[in-house]
Amino acid sequence: MNKIYDFTYEELLKMAFTDELTQIANYRSFKYSLQEQIELSYPENKPFAVLFMDINHFKQVNDKHGHSTGDKLLIECSSILKRIANRYDEQVFRKSGDEFLLLVQNIEHLFHMIHDIQHKLQNPLHINEKMIRCQMSIGYSIYPIHGQTEEELFDYADKKMYLNKEQLETIK
């Protein structure tokens, strides 16, 4: 049985650029936004930052508490990230799974945002009648210092995020 859906152009755009679960901008939206930011910053080498974040031990949350709890944790974390991003007039994106990105146009916000994220997530979150710890590993790159292309900026932030993850594991 074939069903034809009747969506407006605006509805299709929202579906294309918004993560269905968390209702924040998706990776496709990030790629467009990052390319636009590179083009705006290039003439004067105006710095901006890319934050790459990953929820530590997310698979264990799904395995121990179920995927419904994992989904609610993703929604809650994305909501926290969105509130922080909005406070600084910046934008958050969901890359995939338990990975998030922030495009920080005002470089002066970078370390304040990292601090706010870590501070907000230091206490467990109340999800499905359970207290779930949501620790994030965070890496960042700064244009043009750590790269001048989407790939260079993303790769640098990714490597720094995994270094942060290793450091947090060592502390345990």
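Note: the structure precedes this text.
Residues numbered from 1 in each chain as written. Predicted model: local features only at pLDDT ≥ 70, side-chain atom pairs only at ≥ 80, totals over all residues. Heavy atoms only, no water.

Novice: Please provide a residue-by-residue account of the environment of Glu-39, values included.
Specialist: You can see Glu-39 is positioned in helix α2 (residues 27-41). On the basis of relative accessibility, which here comes to 53%, the residue Glu-39 falls in the exposed class. Along the primary structure Glu-39 and Asp-63 are separated by 24 residues, whereas in three dimensions their C-alpha atoms are 43 Å apart. (Helix = DSSP H or I, 4+ residues; strand = E, 2+ residues; numbered from the N terminus. Buried < 20%, exposed > 50% of the residue type's maximum accessible area, 1.4 Å probe, protein only.)

Novice: Can you explain the packing of aromatic side chains? Please cite residues and give values.
Specialist: Counted according to the given criterion, the structure contains seven aromatic pairs. Ring geometry for Tyr-27 against Phe-30: centres 6.0 Å apart, planes inclined by 15°, an arrangement best described as stacked. Of this pair, Tyr-27 and Phe-30 both sit in helix α2, three residues apart, which is roughly one turn of that helix. Residue class for Tyr-27 comes out partly exposed when judged on its relative accessible area of 22%. Ring plane angle 40° and centroid distance 5.0 Å describe the contact between Phe-52 and Phe-154, whose orientation is recorded as tilted. Note that Phe-52 is positioned in strand β2 (residues 48-55) and Phe-154 in helix α6 (residues 150-171), a separation of 102 residues in sequence. You'll find Phe-52 and Phe-154 in the same group, each marked buried. Members of the aromatic cluster, joined through ring pairs, are Tyr-27, Phe-30, Phe-52, Phe-93 and Phe-154. Positioned above the aromatic ring of Tyr-27 is the side chain of Lys-95, whose terminal nitrogen or guanidinium carbon lies 4.8 Å from the ring centre. (Phe/Tyr/Trp six-rings, centres within 6.5 Å; stacked < 30°, edge-to-face > 60°. Lys NZ or Arg CZ within 6 Å of the ring centre and 35° of its normal.)

Novice: Tell me what's going on with the packing of helix α4 (residues 67-87) against helix α5 (residues 110-120), and back it up with residues and numbers.
Specialist: Remark: α4 packs on α5, axes separated minimally by 10 Å, with the N-to-C direction vectors making an angle of 150°. It follows from the interaxial angle that α4 and α5 lie roughly antiparallel. Between α4 and α5 the crossing geometry is right-handed. Along its contact with α4, which presents Ile-80, Leu-81, Arg-83, Ile-84, Ala-85 and Arg-87, the element α5 presents Met-113, Asp-116, Ile-117 and Lys-120. By residue class, the composition of the contact of α4 with α5 is six nonpolar, no polar and four charged. (Axes fitted to C-alpha atoms, helices over the stretch in contact; angles between N-to-C directions. Parallel < 35°, antiparallel > 145°, perpendicular 65-115°, else oblique. Left-handed = near helix turned anticlockwise from the far one by under 90°. Contact = heavy atoms within 4.5 Å. Nonpolar A, V, L, I, M, F, W, Y, C, P; charged D, E, K, R; others polar.)

Novice: Please set out a nonpolar patch on the surface residue by residue, giving values where relevant.
Specialist: Among the surface-exposed residues, Tyr-5, Phe-7, Leu-12 and Met-15 lie close enough to one another that they form a single nonpolar patch of about 420 Å² accessible area. Relative to the assigned elements, Met-15 resides in helix α1 (residues 9-17). Take Met-15: its relative accessible area is 44%, and that puts it in the partly exposed class. (Patch = residues over 30% accessible without salt bridge, like charges linked within 9 Å, V, L, I, M, F, W, Y side chains within 5 Å. Areas by Shrake-Rupley, 256 points an atom, 1.4 Å probe, with all protein chains shown as cover. Salt bridge = Lys/Arg side-chain N within 4 Å of Asp/Glu carboxyl O.)

Novice: I'd love a proper account of the layout of surface pockets, names of residues and values included.
Specialist: Its volume calculated, the largest pocket comes out at about 220 Å³. Along the walls of the largest pocket sit eleven residues, with His-57, Gln-60, Val-61, Ile-132 and Arg-133 positioned nearest its centre. Among the elements of the structure, α3 (58-65) and β6 (130-132) are those that each provide at least two residues to the lining of the largest pocket. Per-element accounting of the lining of the largest pocket gives the leading share, four residues, to α3. A class-by-class count of the residues in the lining of the largest pocket yields three nonpolar, five polar and three charged. (1 Å grid on protein atoms, 1.4 Å probe; cavity = no way out; pocket = protein on both sides within 12 Å on 5 of 7 lines; lining within 4 Å. Points joined across faces, edges and corners; volume = space filled by probe spheres on them.)

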